Structure formats: C-alpha cells, structure tokens
Amino acid sequence: MKRFTLIMVLLISIMLLAGCGNSNLEAEKNHLQSEIDTLQAEVDTLEKIRDGLIQEDDIVYVIELQISQSHYTVDLNEHMKDLLNKITIPIQVSKEYYFSVKEGEILKNEFRVGSLIFKNSSGSWDIKVTSKEIVNKVAK
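Heads up: these notes are all about the structure in this document. These numbers come from a predicted model, not from an experiment. Counting restarts for each chain, with residues numbered from 1 along the sequence as it is written. Reporting in this predicted model follows two pLDDT cut-offs: at least 70 for local features of residues, and 80 or more for side-chain atom pairs to be given and counted; totals over whole chains, interfaces and linings ignore these cut-offs and use all residues. Only hydrogens and water are set aside when side-chain values are computed; all heavy atoms of the structure are taken into account.

Describing the overall build of the protein chain
Okay, step 1: Strands here mean DSSP runs of E at least two residues long; helices mean DSSP runs of H or I at least four residues long; both are numbered from the N terminus. Helix and strand content of the protein chain: five helices and four strands.
Okay, step 2: Mapped in sequence order, the helices and strands of the protein chain form the string α-α-β-α-β-α-β-α-β.
Okay, step 3: Categorising residues by exposure relies on relative accessible area from a 1.4 Å probe, with only protein chains included: less than 20% of the type maximum marks a residue as buried, more than 50% marks it as exposed, and the intermediate range marks it as partly exposed. The buried share among the 140 residues of the protein chain stands at 19%.
Okay, step 4: Contacts are residue-level and defined by heavy atoms, with any inter-residue pair within 4.5 Å sufficient. Sequence-distant contacts, at least 24 apart, represent 67% of the contacts inside the protein chain between residues at least 6 apart.
Okay, step 5: Accessible surface, the protein chain as shown: approximately 10600 Å² in total, 59% of it carbon and sulfur. Only the protein chains shown count as cover for residues, and the accessible areas themselves come from Shrake-Rupley with a 1.4 Å probe.

Here's the deal with the packing of aromatic side chains
Okay, step 1: Only rings of Phe, Tyr and Trp enter the pairing, Trp through its six-membered ring, and a pair is recorded when the two centres are within 6.5 Å. The plane angle decides the type: under 30 degrees is stacked, over 60 is edge-to-face, the rest tilted. This structure, assessed with the given rule, holds three aromatic pairs.
Okay, step 2: Among the aromatic residues, those joined into a cluster by ring pairs are Y61, Y98 and F99.
Okay, step 3: Cation placement over rings: the criterion is NZ of Lys or CZ of Arg within 6 Å of the ring centroid and within 35° of the ring normal. Its end group placed over the ring of Y98, K132 keeps NZ or CZ at 4.5 Å from the ring centre.

Here we look at the nonpolar core
Okay, step 1: Y61, I63, L65, V93, Y98, V101 and V129 together form the largest nonpolar core, which totals seven residues.
Okay, step 2: With three residues, the single largest contributor to this core is strand β1 (residues 59-71).
Okay, step 3: Non-local contacts of V101, meaning those with residues more than four positions away in its chain, are made with I63, L107, V129 and K132. Here the nonpolar core consists of buried residues drawn from Ala, Val, Leu, Ile, Met, Phe, Trp, Tyr and Cys, with membership extended through side-chain atoms lying within 4.5 Å.

A short note on the environment of Q66
Okay, step 1: Among the structural elements, Q66 can be located in strand β1.
Okay, step 2: With 65 residues separating them along the chain, Q66 and S131 place their C-alpha atoms 9.3 Å apart.

Comments concerning the environment of Y98
Okay, step 1: As for its placement among the helices and strands, Y98 is situated in helix α4 (residues 95-100).
Okay, step 2: A residue is classified by how much of its surface remains accessible, and Y98, at 7% relative accessible area, is buried.
Okay, step 3: Measuring from C-alpha to C-alpha, the distance between Y98 and I63 comes to 7.1 Å, with 35 residues separating the pair along the chain.
Okay, step 4: Look past the residues within four positions of Y98 in its chain and what remains in contact with it is Y61, V62, I63, V93, K132, E133 and I134.

Section: a nonpolar patch on the surface
Okay, step 1: On the surface, a cluster of nonpolar side chains totalling about 540 Å² of accessible area is made up of M1, F4, M8, L11 and I12.
Okay, step 2: Take L11: it is sitting in helix α1 (residues 2-18).
Okay, step 3: When its relative accessible area of 35% is taken as the criterion, L11 is described as partly exposed. Any residue with relative accessible area above 30% and no salt bridge may belong to a patch, with like charges joined within 9 Å and the nonpolar Val, Leu, Ile, Met, Phe, Trp and Tyr side chains within 5 Å. By definition, a salt bridge exists where a carboxyl oxygen of Asp or Glu is found within 4 Å of a side-chain nitrogen of Lys or Arg.

Description of the environment of E103
Okay, step 1: Along the polypeptide, E103 turns up in the loop between α4 and β3 (106-111).
Okay, step 2: As for E103 and S131, which are separated by 28 residues in sequence, their C-alpha atoms are 5.5 Å apart.
Okay, step 3: Once residues within four sequence positions are removed from consideration, E103 is found in contact with V129, T130, S131 and K132.

Given below as structure tokens:
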C-alpha cells in the first residue's frame, strides 16, 4: 500500500511539474522516474526472495470447529450435559474452503430425527467455526 501511494504521489507530482516547461523541472522529473524504477526493481527482487522462502506447499490452512448439541427441554441436567460435552477440533482444510468460511459461522445446525424417534429426545447438532489460522509448515 505504501509503495502504491509513493508511486501515485510521484506520478501526480511528475504530471503537475511537466506542464511548467522548465528544464529544472524536467531534470527533477527524470530523477524521480529513475527513483521509481530503482524502487520497483528492489520490490521485484524482494518479492522473488519472499516467494522463494515461502512456497505454496509450505502453508497449511487450519480451521477450528466447535461441535455441540442442544436439547429442547426445560431439564437443567440436559443443558449442563450439553455445555460440558462441547468439543473443539482443529482441521486442516483447502485454501478455497478456508477463505469461504468466516469465524463464528455455523456450518451445520441439524435436528436429530433419530433421537426423536428412538429415544423421544428432541435436540440438534451445532457445528460452528471458532477460529481460523494460517500455519507455515517449515520450522524456522
């Protein structure tokens, strides 16, 4: 962002100074353009070094899921069991899936029909994204 701002400021100043027709301004314009070229070459070199250090295969995308169940009842024991039985699982996912979900997003809120039929218990499973993290596999 700073590089873009610097380049834009330099380009605007070059455009403003070009209309004056002063040879001094023309020399300054050439000097600024050479600075831009030098900085751009330095940025390109740094980007190549960065790309060499971090390969795409070295990056792991991890989301943490919280799996819990909730019952539709007035029984406090059931609610306490639901609170105590929450589990959190970190899962490695693809880059596309990582960027398609948001923290706090509920992935599944599914009614448990089997429990209603066989145990006369009404409730649901809740699967929620609690955190996201990008991890570099290469230890430094």
